[in-house]
Structure formats: C-alpha cells, structure tokens
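Close look at the chain arrangement
The primary structure of each chain is shown beneath.
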Amino acid sequence: MKTIYLDNGATSWPKAPTVATAVASFIRERAVNIGRGSYNRAYETALEIQACRDKLGKFFGASDSRNVTFSLNVTHALNTLIAGLFTAEDHVLVSGMEHNAVMRPLSQFGIPYSIIPCNAEGFLQIEQIPQLVTEHTKAIIMTQASNVTGSIQPVRDVAAIAKTYGLMLLIDAAQLPLSSNLSLIADGIDAIAFTGHKSLLGPQGVGGLIVSDQLANLVKPWAAGGTGSKSDLLQMPDFLPDKFEAGTQNLPGIIGLSAALDYINENKTDIIGHEQKLTEILLSAFLTDDRLRVIGPKDMCNRTSVISVDFPGLDNAKVADMLFLRAGIETRVGLHCAPIAHRSIGTFPSGTVRFSLGYATTEEEIQKTIEACSQVLDDMHSKQFHTIASE
C-alpha cells in the first residue's frame, strides 16, 4: 500500500533532497573528529561544522555564531537550560501548551512553576502573566508553536512582558514554522532551543541552543567531558561553544542539517506557500464535516501545518488505525507528549488525531486524505448505528 505521511510534527519526511548525499559523503570520505586531530581532514571537517553554526546563527538572529551550541536534540537543549539555571528555590512560568520536554525536566529537578492559561484554540492568555509573577520568578519558558494545535504564540509580546518584570525568556522552537521565524536579538529572547529534524528538514539526533551572552554566563553545564580545548583543566571551558559541547558531537547530523539549511534558504518562499495552501485545503474540509471537531485555530491566522482533530462518539485511536489500514494515512494519535496542552484545550485524556503535512506533501494526497476520512466516518458511524439498532 502506498502511504501518505502526515506526521511531520513528529519528524519531517522525506528530508531535504540534499541531506542523504551530504551525510553519506561525509561518512564515506572524511568522518573524522574536530578539535582533536592536527591534520587536514580534521581542519576541513571543523570548517564544515562552523559553516552550519554560521547558518544557524544567521537564521536565528544571533550576534555571533559562537552563541550557537549543538546538542542531541531540543530536549537535551532544554534540559541544559533548566538544570543549569534554576533550583528548587526559584520559580518559572510556562505556557499551558508545553511539551514534556519542558514539563518533565521541571518536575525531575523540582523546579516550582505556574502555568499561564491558554484558550481553547491553544493561544496564550498573556494578560494573565503579571498576576502569576512572584518574587522568586526567574523566567518564562514557552513553546513558540504548539505540537498539538499548531497555534503560534505571540513571542514578542511575551518578551516585552518578560523585560518589564526582569524575567528571562526561553523558547522551545521544536515546532518552528518557517513562516514565523525567531530572532534572538530582534525578538528580545534569551535562549532558543531548536531541533534539526522537524521543520529544518535535517536528520534526527541534532539540535541545540542559541543563547545570549548574558544567559550563557549564567548557565552551568550539566554535562562535562572532552572538548579538545583547555585540556589541562579538569573543569569545562567557560567560553562558547565549548562550554555546552562536551564530547564528540553528531557530526554527520550537523553536516546533514547544514545541507538542509541550504535547501531551505533556496526554497523557503515556495515551501511556506505550499504548506499553507495545503493546510488551508485540509482545514477547510475538516471544518465542513460536523462528524469531527477541529481542535485549535479555525483559520490560517497564526497557525502551523499541524491540525488536531477529535472524533466525538468514536475512539480516536480506532479512527487513526482505520485511516492507515484503508488508505495508508500515517498520523499521530493520543496526547503527543503534551498532557498539559491537552488539559488546557479540554482533550485530556483521550487526546486527538494529529495531521501534520510538510513540504513534500502533495495536493493529491490531501484530497485522498479528505476522501478517506469521510469514508471511514461513514463506515464507522454506520456500524455504530447498526450495533445500537440490533441491541
């Protein structure tokens, strides 16, 4: 069966067309380490890694590419911030749409927090922030865009409030939409945690932090080890990026991400237009079917290509299973590692079925998805009716 991949909110697929070749070429021809060997291939590899760092610095509006540090993924990056900045005596604010990449570290490290309420569409109620600030509040940690509802948060407005109260602003940019990029300096953000394998179209296993100079001085690294620099010391170097890059990094992943960034820079306008067009088609179709309920923004204003749907009276998991069995439609069903978000929008504990298209999704695939949803609902409601009638 030919499949229709609509789970780009979990990871983009296919990756940018240039990624596989770049990764394979690196592994085959020059997969040596950096900051260690004193030979040409090591120097050439270091230049390639620096090139990716430069691209990310420009992409996220950093003043210096040294403020870009690599990690395994956005979750590790967020753990670096939370473990390295806060103690049990502190207090932070989080949005009501947070992923477990934020909530679990806060819980594990015993950091007190308050939740900024969100409305039923997943948008932050920023007017509630001032009353949640206490004398112990140090920061606001929030997702830029929800992996459940696709709602894009007003980051600049929150940044202004954070500045008023002297709070740090830490952004989880896992669901970064290309149409609504972030800038560390222009948006007044202290740190951006990013991942390479979603909207940036790179491979899994690479992410990182974009940090301001001031915040970089405050964060204590939670991981320590070799960096190739200051090897005479038993402490981690205190300068960027080495401070947060203990041990060998995922160099093939970084090379792949670098290639993906080139592809995005060359095709960004087309990618954005294509995804928005197809999202609007799918969203419009869902909104006209009263047998399902769209959870999240009902129009294209301030939303990503993530669409969450609830099927009242039916088991969402069974609907998702039938969509796959009958039409090869690959979705994500459940709580999406974001129980706080589902509590905010009233879909806990059943969750939703999430459709998340990407740059490679075709209009034909969207039309087939619309038809398959209608057919599956026809069959499931008919079966449900006959079951009730027979009783």
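Considerations on the overall build of the chain
- Within the chain, the regular secondary structure consists of 11 helices and 13 strands.
- At 22 Å, the chain has a C-alpha radius of gyration in line with the 21 Å of a compact globule built from 391 residues.
- Taken along its principal axes, the extent of the C-alpha atoms in the chain is 80 × 55 × 35 Å.
- Residue burial in the chain is summarised as follows: out of 391 residues, 53% are buried.
- Considering only contacts within the chain whose residues lie at least 6 apart along the sequence, 68% involve residues at least 24 apart.
- Roughly 17,100 Å² of accessible area belongs to the chain as shown, and the carbon and sulfur atoms make up 52% of that amount.

What about the environment of Lys277?
- Within the secondary structure, Lys277 sits in helix α8 (residues 251-287).
- Distance in space between the C-alpha atoms of Lys277 and Glu363 is 8.9 Å, their sequence separation being 86 residues.
- A distance of 3.4 Å separates polar atoms of two side chains, one belonging to Lys277 and the other to Glu363.

Examining the sheet that holds strand β5 (residues 137-143)
- Spatial ordering of the open sheet is given by β2-β8-β7-β6-β5-β3-β4, a layout of 7 strands whose pairing is mixed. Both edges of this open sheet fall to β2 (68-71) and β4 (113-116), since each of them pairs with a single strand only. Strand-to-strand, the axes of this sheet are offset by a mean angle of 20°, without reference to chain direction.
- Its contacts with the sheet place helix α3 (residues 74-85) against β2, β5, β6 (168-172), β7 (191-195) and β8 (207-211), and it is angled at close to 150° to β7.

Quick look at unusual backbone geometry
- For the peptide bond that leads from Trp13 to Pro14, omega is -5°, which places it in the cis range.
- Examined against the element boundaries, Pro14 turns out to sit in the loop between β1 (4-5) and α1 (19-29).
- The omega angle of the peptide bond from Phe348 to Pro349 is 10°, so this bond is cis rather than trans.
- Assignment of secondary structure puts Pro349 in the loop between α10 (339-345) and β13 (352-356).
- A positive phi angle, near 65°, is found at Leu201, a position not held by glycine.
- Its place among the elements puts Leu201 in the loop between β7 and β8.
- A positive phi angle, close to 50°, is found at Lys230, a residue other than glycine.
- Turning to its location among the elements, Lys230 is positioned in the loop between α7 (213-218) and α8.
- Given a relative accessible area of 47%, Lys230 falls into the partly exposed group.

Reading the values: the criteria
- Residues numbered from 1 in each chain as written.
- Predicted model: local features only at pLDDT ≥ 70, side-chain atom pairs only at ≥ 80, totals over all residues.
- Heavy atoms only, no water.
- Helix = DSSP H or I, 4+ residues; strand = E, 2+ residues; numbered from the N terminus.
- Rg over C-alpha atoms; globule rule 2.2 N^0.38 Å.
- Buried < 20%, exposed > 50% of the residue type's maximum accessible area, 1.4 Å probe, protein only.
- Contact = heavy atoms within 4.5 Å.
- Areas by Shrake-Rupley, 256 points an atom, 1.4 Å probe, with all protein chains shown as cover.
- Polar contact = N/O pair within 3.5 Å; in protein donor to acceptor, adjacent residues only side chain to side chain.
- Pairing = 2+ DSSP bridges.
- Axes fitted to C-alpha atoms, helices over the stretch in contact; angles between N-to-C directions.

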